[in-house]
Each structure stands twice: as structure tokens, then as C-alpha cells.
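# Breakdown of the fold
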Amino acid sequence: MFGDFMELLANKYRPNKLSDIIGQNHLIGSGKILSNLVAQKKMYSLIFYGKPGTGKTSIANAIVKELDMPSRFLNATINNKNDFIICIEEAKMQGQLILIIDEIHRMNKDKQDLLLPYIESGLIILIGLTTSNPYHAINPAIRSRCQIFELHELTANDIISGLNKIAKREAVTIDNEALEFIALSSSGDFRSAINLLDVAISCSTNRKITLDLLKSINSKPVFFHDKNADGYYDVLSALQKSIRGSDVDAALHYLARLIEAEDLDAIYRRLSVIAYEDIGLANPSIGPKVMAAISAAELVGLPEARIPLATLVCEMALSPKSNSAHVALDLALNDIRRGNTGNVPDHIKTNSKTYKYPHDYPNSWVKQQYLPDNIKDKKYYHPKHNKYEDNLYYGLENIKKNQNN
């Protein structure tokens with residue numbers, strides 16, 4: 001028979017106050033919004049979204065503990081409508097209740113309709129937790145009644161700092177190599193990092209955690225760092241810069257390191273960025289090809305996922321490159337942020353009677369002003385000289401020239 005179950009470290013050291021939270025310095029700390037709200041004993045309905053292990057549940061629990069308010073924790077998928085009704089009745093008896101709802105993006109319409117009037121009145125303060133982008137995944141009726149905060153992915157330094165604190169309180173010795181291994185193996189998930197440390201402590205005979213011990217527990221290779229201190233983000237950066245620099249062999253090397261570490265999500269995100277940041281209009285079909293390769297990789301899983309990814313990375317590295325589109329947008333954004341805008345010209349406003357409809361003219365183009373008067377001659381877009389952009393840009397320029405003559 002087993003004795004009493006040991007409490008998991010992740011539960012044992014769940015923060016009781018915001019100052020114990022690892023990372024999220026944009027929200028927590030001196031003068032930061034969540035810390036200020038708690039210090040002033042005020043709270044509003046909130047939604048926290050971010051990757052697993054970034055601290056969504058921990059922050060919600062810390063807020064409840066510091067405010068010392070009645071609270072309940074529900075899961076939008078697991079708990080039924082009756083559970084929500086019970087929480088509403090408790091809120092009526094208590095005067096107010098903080099209701100933490102995990103996976104809030106999965107909350108069905110019945111539950112939403114039930115809660116909305118009580119969130120509106122302030123009887124229930126909602127704290128929603130989700131890994132999905134709430135601007136796409138959460139019903140606007142709920143979303144409009146909440147302040148939305150994104151939790152950032154934890155850095156390796158954030159995780160190492162948190163692990164050091166736990167190791168000290170547990171009287172465990174852990175060397176720097178072991179700390180780096182746990183931090184990089186966890187891919188930004190602090191809960192995963194704590195769980196690995198927990199298992200290592202249980203497997204250790206002298207409460208000393210070494211790299212060899214960790215490797216015997218977690219055989220998943222970590223190639224994000226080596227003795228020259230290459231970091232997790234350095235490998236991702238090297239992949240992008242190799243593709244940008246059209247070095248197909250280097251691109252395949254860094255792709256292999258990421259695949260060997262089974263970090264497919266990081267590969268997907270970075271390749272999606274590269275398609276538009278570095279290749280862009282020089283090969284506009286690459287964006288859909290990235291999504292197709294990701295879908296194929298997800299469908300077949302590893303080890304076969306390497307096949308569509310390798311095909312894609314080779315094409316990306318060998319493709320012509322252009323950053324003209326997003327550079328042009330950045331120039332436009334800079335103008336707007338400096339207040340260099342102006343009124344929309346009258347003839348392209350809604351219900352204008354003087355607008356010239358381009359499709360009524362040869363080649364679907366007619367000369368008319370679109371930019372505001374004070375920046376009417378502004379040029380943001382400057383094409384890179386590649387076949388596709390040359391055809392687009394200079395083809396249009398020839399149409400303009402011929403029709404003006």
C-alpha cells in the first residue's frame with residue numbers, strides 16, 4: 001500500500017500573492033496595472049490569455065488570495081449549467097463573487113446568457129483564462145465586459161529564477177547546467193519545469209540535481225544551447241537569418257535542430273513570420289504553402305512531419321526575397337503615430353457622388369486622389385526588383401502612363 005500522497009511542487013508553491021508570480025513584468029510589479037488594482041482593493045472582470053504554463057491560473061488565484069474575496073473556480077467545458085447557477089446564488093448570498101473560468105473560449109451560449117447580467121451588474125467578477133486569442137475565440141458579449149491581458153511566454157531566465165527559489169526552499173542543490181536543461185526543456189511552460197524538478201528530487205538520493213540525472217529522466221534532446229551559450233531564441237533566429245540569407249544548407253541544419261528537439265510549434269510560428277517578413281511579394285504563394293506544410297506536418301506528426309517542413313524550408317531559402325510590403329506599412333504607421341494624417345478626401349467618403357469607379361475605366365484604373373491633401377504625394381511602397389514585384393508595380397505604372405497620355 002502507498003503511504004500518504006506527496007503534494008506536488010507545482011501545487012505546493014502556487015503563488016499566494018502577485019509578487020510571487022514569475023515573469024509578466026508588464027502587468028505585475030511597482031506601478032503596474034494588476035498590482036495597482038490589488039493594492040487599491042479594486043477588481044474588474046478580466047480575461048487572461050497566453051500559452052500553457054505562463055501563469056494564468058496562478059495570477060487569478062493570487063488576486064483572489066490578496067483581495068480575500070469569495071471565489072469559485074469552474075471549467076467552461078467540464079462544469080454544467082447548474083454549477084454556474086450555484087455560483088450565481090452564492091454571489092447573491094455573499095454580495096459579490098470572483099468567478100474564475102478556465103477554457104472560457106469553450107463556454108457555450110446558455111452559460112454566457114446566464115452570466116451576462118450578473119457580470120454587467122458587478123455581482124460576479126469574471127476572470128477568464130484561455131490559451132486562445134480572445135479577440136477571435138470569445139463571444140463579443142463576454143469580451144466587451146472584460147479587460148483583456150495577454151500573458152507573455154516566460155524566458156529561460158524567468159524559469160531559472162523561479163526554479164532557484166523552489167530549490168532553495170526545498171533544500172535542494174542544483175547546478176547551472178541542470179537549471180538550463182530544465183528551463184529549455186520546458187519551452188516556456190513553468191508548470192512543466194516545476195514538474196520535471198519535482199520528479200528529479202524524488203529520483204535523487206542526496207537531493208542533488210545534476211544534468212546526468214535530468215537526462216536519465218527526460219531523454220528528449222535539448223539542442224537549443226551548447227558550451228558556446230547558444231540560446232533557444234538564437235536557434236530560431238539562426239533559422240530565419242539562414243533563410244533570409246538564402247543559405248539552404250544552414251537553414252536545413254537549424255531546422256534539424258528544432259525537429260530533433262520536437263519543437264514543432266516554434267517552427268510553425270517562425271516559418272509563418274519568415275514567409276511574409278523576408279519573402280513577401282517576391283514569392284507571394286509562399287504564405288499559403290507555409291500553411292499547407294504546417295497542416296500536413298500536424299496531420300502526419302513526427303517523424304514524417306519533417307518531410308513537408310524540409311520541402312518548405314528549401315523553397316523558402318531558395319526563393320527571391322522582399323521586405324517591401326511590411327517596410328511600407330511601417331512607414332505609414334510612423335506617419336500616423338506622428339499625427340501626419342489628414343482628412344479622407346471627399347470623393348472617396350461613404351455615399352460620395354463624385355467618386356470615379358475604376359472598373360468603369362480601361363484596365364480598371366482612373367486617375368484620382370486617394371491620400372489626404374497634406375500627404376497626397378507621399379510614397380511608402382518602394383518595390384524590390386524581382387520578377388513578381390516588377391510585373392505588379394511597373395505594369396501598373398505603364399497603365400497609368402498610357403491613360404494619362
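Residues numbered from 1 in each chain as written. Predicted model: local features only at pLDDT ≥ 70, side-chain atom pairs only at ≥ 80, totals over all residues. Heavy atoms only, no water.

## Quick notes on the pattern of salt bridges
Taken as a whole and judged by the stated rule, the model has 15 salt bridges. Of the charged contacts in the structure, one is a salt bridge between arginine 106 and glutamate 103, with a shortest N-O distance of 3.0 Å. Here lysine 349 and aspartate 346 are joined by a salt bridge, their closest N and O atoms 3.2 Å apart. Put simply, Lys12, Glu170 and Arg207 are held in one network by salt bridges that share partners. (Salt bridge = Lys/Arg side-chain N within 4 Å of Asp/Glu carboxyl O.)

## Remarks on the pairing of strand β2 (residues 71–75)
Strand direction decides the pairing type here: β2 and strand β3 (residues 97–102), joined by five bridges, are parallel. Note on β3: the bridge partner recorded for serine 71 is isoleucine 98. (Pairing = 2+ DSSP bridges. Helix = DSSP H or I, 4+ residues; strand = E, 2+ residues; numbered from the N terminus.)

## Focus on helix α3 (residues 56–67)
The terminal C-alpha atoms of α3, which comprises 12 residues, lie 17 Å apart, in line with the 16 Å expected from a rise of 1.5 Å per residue. For α3, the buried fraction is high: nine of the 12 residues fall into the buried class. Within the sequence span of α3, burial applies to Lys56, Thr57, Ser58, Ile59, Ala60, Ala62, Ile63, Val64 and Leu67. Along its buried surface, α3 packs onto α2 (33–39), β1 (46–49), β2, β3 and β4 (124–130). Residue aspartate 68 follows α3 closely and has a positive phi angle near 55°. (Expected span 1.5 Å × (residues − 1). Buried < 20%, exposed > 50% of the residue type's maximum accessible area, 1.4 Å probe, protein only. Contact = heavy atoms within 4.5 Å.)

## Some words on helix α9 (residues 176–185)
Along an α-helix, residues three or four positions apart point the same way, because every turn accommodates 3.6 residues. Counting buried residues in α9 gives seven out of 10 residues, a clear majority hidden from the surface. When we look at burial in α9, the residues that qualify are Ala178, Leu179, Phe181, Ile182, Ala183, Leu184 and Ser185. Residue aspartate 175 occupies the N-cap position of α9, its side-chain oxygen lying 3.3 Å from the main-chain nitrogen of glutamate 177. Trailing α9 by a residue or two, serine 187 shows a phi angle of about 50°, which is positive. (Polar contact = N/O pair within 3.5 Å; in protein donor to acceptor, adjacent residues only side chain to side chain.)

## Here's the deal with the environment of threonine 131
Mapped onto the secondary structure, threonine 131 falls in the loop between β4 and α6 (134–137). Aside from chain neighbours lying at most four places away, what touches threonine 131 is Gly50, Lys51, Pro52, Lys56 and His105.

## A short note on the packing of helix α15 (residues 286–300) against helix α16 (residues 306–318)
Two quantities define a packed helix pair, namely the angle between the helix axes and the distance between the axes. Two elements in contact, α15 and α16, have axes separated by 9 Å at closest approach and are oriented at 160°. Considering the angle they form, α15 stands roughly antiparallel to α16. At the point where α15 passes α16, the crossing takes the left-handed sense. The segment α15 lies against α16, with Ile286, Lys289, Val290, Ala293, Ala296 and Ala297 engaging Pro308, Leu309, Leu312, Glu315 and Met316. (Axes fitted to C-alpha atoms, helices over the stretch in contact; angles between N-to-C directions. Parallel < 35°, antiparallel > 145°, perpendicular 65-115°, else oblique. Left-handed = near helix turned anticlockwise from the far one by under 90°.)

## Concerning the sheet that holds β2
Adjacent strands of a sheet form backbone hydrogen bonds with each other and so pair up, either parallel or antiparallel. Read across the open sheet, the five strands follow the order β2-β3-β4-β1-β5; overall the sheet is parallel. Across the chains shown, the open sheet's two edge strands, defined by having one partner strand only, are β2 and β5 (147–150). Neighbour-to-neighbour, the strand axes of the sheet open up by a mean angle of 15°, direction not taken into account. Where β1 and β5 come together, four bridges link them in parallel fashion.

## Section: the packing of aromatic side chains
Counting across every chain of the model gives three aromatic pairs. Between phenylalanine 48 and phenylalanine 149 the ring centres are 6.3 Å apart and the planes differ by 35°, which places this aromatic pair in the tilted class. Of this pair, phenylalanine 48 sits in strand β1 while phenylalanine 149 is found in strand β5, placing the two residues 101 residues apart along the sequence. One exposure class covers both phenylalanine 48 and phenylalanine 149, and it is buried. Ring centres of tyrosine 381 and tyrosine 393 lie 5.8 Å apart, and the angle between their planes is 55°; this geometry places the pair in the tilted category. Residue tyrosine 381 is found in the loop between α17 (324–337) and α18 (387–404), and its partner tyrosine 393 is found in helix α18; the two are separated by 12 residues along the sequence. A relative accessible area of 23% means that tyrosine 381 is categorised as partly exposed. (Phe/Tyr/Trp six-rings, centres within 6.5 Å; stacked < 30°, edge-to-face > 60°.)

## What about the confidence of the model for the protein?
Of all residues in the protein, 94% have pLDDT values of 70 or greater, and the mean over the chain is 87. Note that residues 1–5 has pLDDT below 50 and, in this model, zero contacts with residues that lie over four places away or in other chains. The low-confidence segment residues 224–230, where pLDDT is below 50, has 14 contacts with residues more than four positions distant or belonging to other chains. (pLDDT = per-residue confidence, 0-100.)

## Observations concerning the packing of helix α8 (residues 156–169) against helix α10 (residues 190–203)
Put simply, α8 and α10 touch, their axes get as near as 10 Å, and they point 40° apart. When the axes of α8 and α10 are compared, the pair comes out oblique. You can see that α8 and α10 cross each other, and the crossing is right-handed. The segment α8 lies against α10, with Ile159, Gly162, Leu163 and Ile166 engaging Phe190, Ala193, Ile194 and Leu197.

## Some points on unusual backbone geometry
The omega torsion across leucine 302 and proline 303 is 10°, close enough to zero to call that bond cis. Note on placement: proline 303 falls in the loop between α15 and α16. Although it is not a glycine, asparagine 351 sits at a positive phi angle of roughly 65°. Tracing the backbone shows asparagine 351 in the loop between α17 and α18.

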